[in-house]
Amino acid sequence: MTSFAAKVTYDHRALVIDGKRRVLISGSIHYPRSTPDMWPDLIQKSKDGGLDVIETYVFWNIHEPVRNQYDFEGRKDLINFVKLVGKAGLYVHIRIGPYVCAEWNYGGFPLWLHFIPGVEFRTDNEPFKAEMKRFTAKVVDMIKQENLYASQGGPVILSQIENEYGNGGIESSYGPHGKPYVNWAASMATSLNTGVPWVMCQQPDAPAPIINTCNGFYCDQFKQNSDLTPKMWTENWTGWFLSFGGTVPYRPVEDIAFAVARFFQRGGTFQNYYMYHGGTNFGRTSGGPFIATSYDYDAPLDEYGLIRQPKWGHLKDLHKAIKLCEAAMVATDPTITSLGSNIEASVYKTGSQCAAFLANIGTQTDAANVAFNTAKINSVSTISKFVTQSSEADASGGSLSGWASVNEPVGISSDNAFTKTGLLEQINTTADKSDYLWYSLSVNVKNDEPFLQDGSETVLHVESLGHVLHAFINGKLSGSGKGKDSGNSKVTIEIPVTIVPGENKIDLLSVTVGLQNYGAFFDQKGAGITGPVQLKGFKNGSTIDLSSKQWTYQVGLKGDELGLTNGGSSLWKSQSALPTNQPLIWYKANFDAPAGDTPLSMDFTGMGKGEAWVNGQSIGRFWPTSTAPNGGCTDSCNYRGSYNADKCLKNCGKPSQLLYHVPRSWLKSSGNVLVLFEEMGGNPTKLSFATREIQSVCSRVSEAHPLPIDMWDSEDDARKKAGPTLSLECPHPNQVISSIKFASFGTPQGTCGSFSHGRCRSGDALSVVKKVCIGSKKCNLGVSINVFGDPCIGVTKSLAVEASCT
């Protein structure tokens, strides 16, 4: 373990570590959204990208699934994660919350908390405060036991209590009990004596000594809660989360870099990317409703832990530039001067140290010639795609074979079923032990019922708080419905049904897709069928209201009870013709691990909706039939102007998520078991594995680009004369550049994968680039007429290169 600070304090300028003010760059990585074998690589890539700090939430519901029964194993091993960050020489910010939001199920609260007598969440409520204090103290004590706080020589320099409580009227929604709760949370946290500062984000009334911090796409205008606290940014959103039924949001790196530079220009000294690696919502951890299984977040490290270029590289260059200014920045407040319309200068000057930031806040043109320009990318970009593995059995593995199935019974099949009068709210009934709740009823329809006599079409009318609903009449699926989005998850269905004289069985399967995770009183947002449930005869207007009858309930699926998720049980049936496109079927197949070590996903083309397990571990909910709207997408997004979560969208008209991460560490070389529960109907024989392969590595740099940042204080005059530098590097450690697909010096057009020559081009570019780069893992080329000649005098020229690595 690296030995860290002994003392962390703060003043109005910065966090002060062992008496020294620091400019700190941080990034969020949530330990349960990746696997322990991924952690060291994620941490190292974060360090290589110029981070000083890793920030994570602590997720109460996975650590205390049953009251007073704790789990900190495997993906939940918070302490091991913190130790690995410390071992890499980085600091840690632990955001205990314990309410976290985070697009995480129930905002991170365990559902049992809801059932404590008299409890009210996130307010001045004694039962709630007792539980919150107990869990917070438990986490703090675990960190202390391992000497992980900076005050003990460890890496943890900050802790957070509560989360965005002062945001969007949440605190005020709790009336006169809101402010006392904030004060209590602050004093409770500081009483735990961690020896490091505590923060509250989005909390303007945070009491001393708590630091209020900013969350958002931009925080340059943020004002601290006190003249005694530094300007800190705990969440700079690198993109946005994905929802089932939604498009894929992305955020141009030029805009992120501008936001970061502007924050430091205007006095900020601590900035965190949310997310630096987003990862995956394995199992039933995604919140919502309708948050997808992928939590990629368009982060610098993608869902699979691969570097996303040019985002990662451009931000790395920015971090180097900012760190060169650190001594001047922490010594003084900036002097801010307007240089005209939309142009602003900030100067940090002390003794011999000086750093200047120029901001062009106009939306039309790029500004002055500077050493680092947030709008000019000087880093490698890559083209990578998932390559589908052959479905035929072969030596490379990845083929699914030995298919078997089990039918999930329609309606009540468990000994744990119970009967109640009327319709029950779902979350209170299931305690979130399952996404599924059956509502079942037998109705005796007499021969003389009007809508049987006149041949009238009978309609089943059901109203539900959400999120998804399937209606079965006499054992057959009659229709389904789903909520619109997280803001409107209610479901109303009206479906024609065939009712027969005598007994009719009505089985309604209500499904949750992640519980609410944000907003005042989010814990009181219900789900499930609240009614009315009616049979209507449309011709004669007669109605039978079934809402207040004796309903029988079953929490969860029979297959769960029988342990099918592990692939065990003697119930699996192998048939020559696998039943497909039918609801409520469990499937099982065997496979060998696909060859290689590149990230692995499963393409769920052909499936409807459900959950999947590999060797007993849930890779999450799948829902490839939930598609994004057709409109609103753009191939390229102008980074100029302010960004919002709907500005830059892709994947219109396509499944919101088709590929699902299968961690390599969950696999054996052979004899792996895939289990699927298909809720709506699909064809699992269309499933395939896909490996992530880098197709091309590209870079494009112009003569107008600034020198590489590592040359700023270099004595190497020859390299300085060579001007801007184009760099190419293979992404995997054991690869070298094997071919140059394209090289042009002059006025090349297009983007990586579709470069073309412009009117002006040097005849030597391809041969020069081949000579320097082929056979190397990394190569650098000066972008100047000294290297390539001058094909068009008086024109600013660029070098564009696309290469392959093997």
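Because the structure is a prediction, the values reported are computed rather than measured.

S.K.: Describe the nonpolar core, naming the residues involved and giving the relevant values.
M.R.: In terms of nonpolar packing, the biggest core is built from 123 residues, with I94, F109, I157, Y273 and L318 touching the most fellow members. Dropping the residues within four chain positions of it, I94 is found in contact with T56, V58, L78, V82, I143, V156, L158, S159 and Q160. One finds L564, F604, W666 and L687 within the second-largest nonpolar core, a separate group that totals 48 residues.

S.K.: Outline the sheet that holds strand β3 (residues 20–22), supporting the account with residue identities and numerical values.
M.R.: In space, the 3 strands of this open sheet follow the order β1-β2-β3, with antiparallel pairing throughout. In the strand order of this sheet, the two ends are held by β1 (8–10) and β3, each with one partner. Here the average twist between neighbouring strands, direction ignored, is 40 degrees. With 3 bridges connecting them, β1 and strand β2 (residues 15–17) associate as antiparallel partners. Bridge pairing in β2 links Y10 to L15.

S.K.: Describe the packing of helix α4 (residues 126–145) against helix α6 (residues 178–190), with residues and values.
M.R.: For any two helices packed against each other, one specifies the inter-axial angle together with the distance between the axes. Here α4 crosses α6 at 25 degrees, and the two axes come no closer than 11 Å. Taken together, the axes of α4 and α6 lie roughly parallel to each other. Both α4 and α6 take part in a crossing whose hand is right-handed. Within the contact between the two elements, α4 uses F128, K129, M132, K133 and T136 and α6 uses Y181, W184, A185 and M188. Residue classes in the contact of α4 with α6 are distributed as 6 nonpolar, 1 polar and 2 charged.

S.K.: Could you give me a rundown of the pattern of salt bridges, with the residues and numbers involved?
M.R.: Taken as a whole, this structure holds 36 salt bridges when the rule is applied. The salt bridge partner of E146 is K83, with a shortest N-O separation of 2.8 Å. Of the two residues, E146 sits in the loop between α4 and β7 (156–161) while K83 sits in helix α3 (residues 78–87), which places them 63 residues apart along the sequence.

S.K.: Run through empty space enclosed by the protein, naming residues and quoting values.
M.R.: Summed over the entire model, instances satisfying the criterion amount to 1 cavity of 30 Å³ or more. Reported here for the largest cavity is a volume of approximately 40 Å³. Looking at the lining of the largest cavity, its residues break down into 3 nonpolar, 4 polar and 1 charged.

S.K.: Tell me what's going on with the pairing of strand β24 (residues 502–511), and back it up with residues and numbers.
M.R.: Judged by how many residues are buried, β24 sits mostly within the fold: 7 of 10 residues are covered. As paired elements, strand β19 (residues 436–445) and β24 share 10 bridges and run antiparallel to each other. Bridge assignment links V443 to a residue of β24, and that residue is N504. Inspection of the sheet shows strand β21 (residues 468–473) paired to β24 by 6 bridges, in the antiparallel sense. Looking at the pairing, H470 lines up with L509 of β24.

S.K.: How would you explain the state of the cysteines if you had to name every residue and give the values?
M.R.: Per the counting criterion, the structure on display carries 7 disulfides. Linked covalently through their sulfurs, C633 and C652 form a disulfide whose S-S length is 2.0 Å. The chirality of the disulfide connecting C633 with C652 is right-handed, given an S-S dihedral of about 95 degrees. Taken together, the positions of C633 in the loop between β31 (617–622) and β32 (649–650) and C652 in the loop between β32 and β33 (659–661) put the pair 19 residues apart, joining distant regions of the chain. C633 sits in the partly exposed class, given a relative accessible area of 31%.

S.K.: How would you explain the side chain of D255 if you had to name every residue and give the values?
M.R.: Following the sequence through the fold, D255 ends up in helix α7 (residues 253–265). Filtering out sequence-adjacent residues up to four positions away, D255 remains in contact with Y218, Y639, G641 and Y643.

S.K.: Which residues make up the pairing of strand β12 (residues 270–277), and what values do they have?
M.R.: Within β12, 8 of the 8 residues are buried, which leaves it mostly tucked inside the rest of the structure. Bridge count for strand β4 (residues 24–29) against β12 is 5 bridges, and the pairing is parallel. When the bridges of β12 are listed, I29 appears paired with H277.

S.K.: Give me the lowdown on the packing of aromatic side chains, citing residues and values where you can.
M.R.: Within the structure shown, the criterion is met by 50 aromatic pairs. For the ring pair F109 and F128, a centre distance of 5.7 Å and an interplane angle of 85 degrees mean the geometry is edge-to-face. Residue F109 is located in the loop between β6 (91–97) and α4, and its partner F128 is located in helix α4; the two are separated by 19 residues in the primary sequence. Between the aromatic rings of Y274 and Y297, the centroid separation amounts to 5.4 Å while the plane-to-plane angle is 80 degrees, which identifies the pairing as edge-to-face. Residue Y274 is located in strand β12, and its partner Y297 is located in the loop between β12 and α8 (311–324); the two are separated by 23 residues in the primary sequence. Y274 sits in the buried class, given a relative accessible area of 2%. Sitting over the ring of Y99, R122 keeps its end group 3.7 Å from the ring centre.

The rules behind these values
- Residues numbered from 1 in each chain as written.
- Predicted model: local features only at pLDDT ≥ 70, side-chain atom pairs only at ≥ 80, totals over all residues.
- Heavy atoms only, no water.
- Core = buried A, V, L, I, M, F, W, Y, C linked by side-chain atoms within 4.5 Å.
- Buried < 20%, exposed > 50% of the residue type's maximum accessible area, 1.4 Å probe, protein only.
- Contact = heavy atoms within 4.5 Å.
- Pairing = 2+ DSSP bridges.
- Helix = DSSP H or I, 4+ residues; strand = E, 2+ residues; numbered from the N terminus.
- Axes fitted to C-alpha atoms, helices over the stretch in contact; angles between N-to-C directions.
- Parallel < 35°, antiparallel > 145°, perpendicular 65-115°, else oblique.
- Left-handed = near helix turned anticlockwise from the far one by under 90°.
- Nonpolar A, V, L, I, M, F, W, Y, C, P; charged D, E, K, R; others polar.
- Salt bridge = Lys/Arg side-chain N within 4 Å of Asp/Glu carboxyl O.
- 1 Å grid on protein atoms, 1.4 Å probe; cavity = no way out; pocket = protein on both sides within 12 Å on 5 of 7 lines; lining within 4 Å.
- Points joined across faces, edges and corners; volume = space filled by probe spheres on them.
- Disulfide = S-S within 2.5 Å.
- Phe/Tyr/Trp six-rings, centres within 6.5 Å; stacked < 30°, edge-to-face > 60°.
- Lys NZ or Arg CZ within 6 Å of the ring centre and 35° of its normal.

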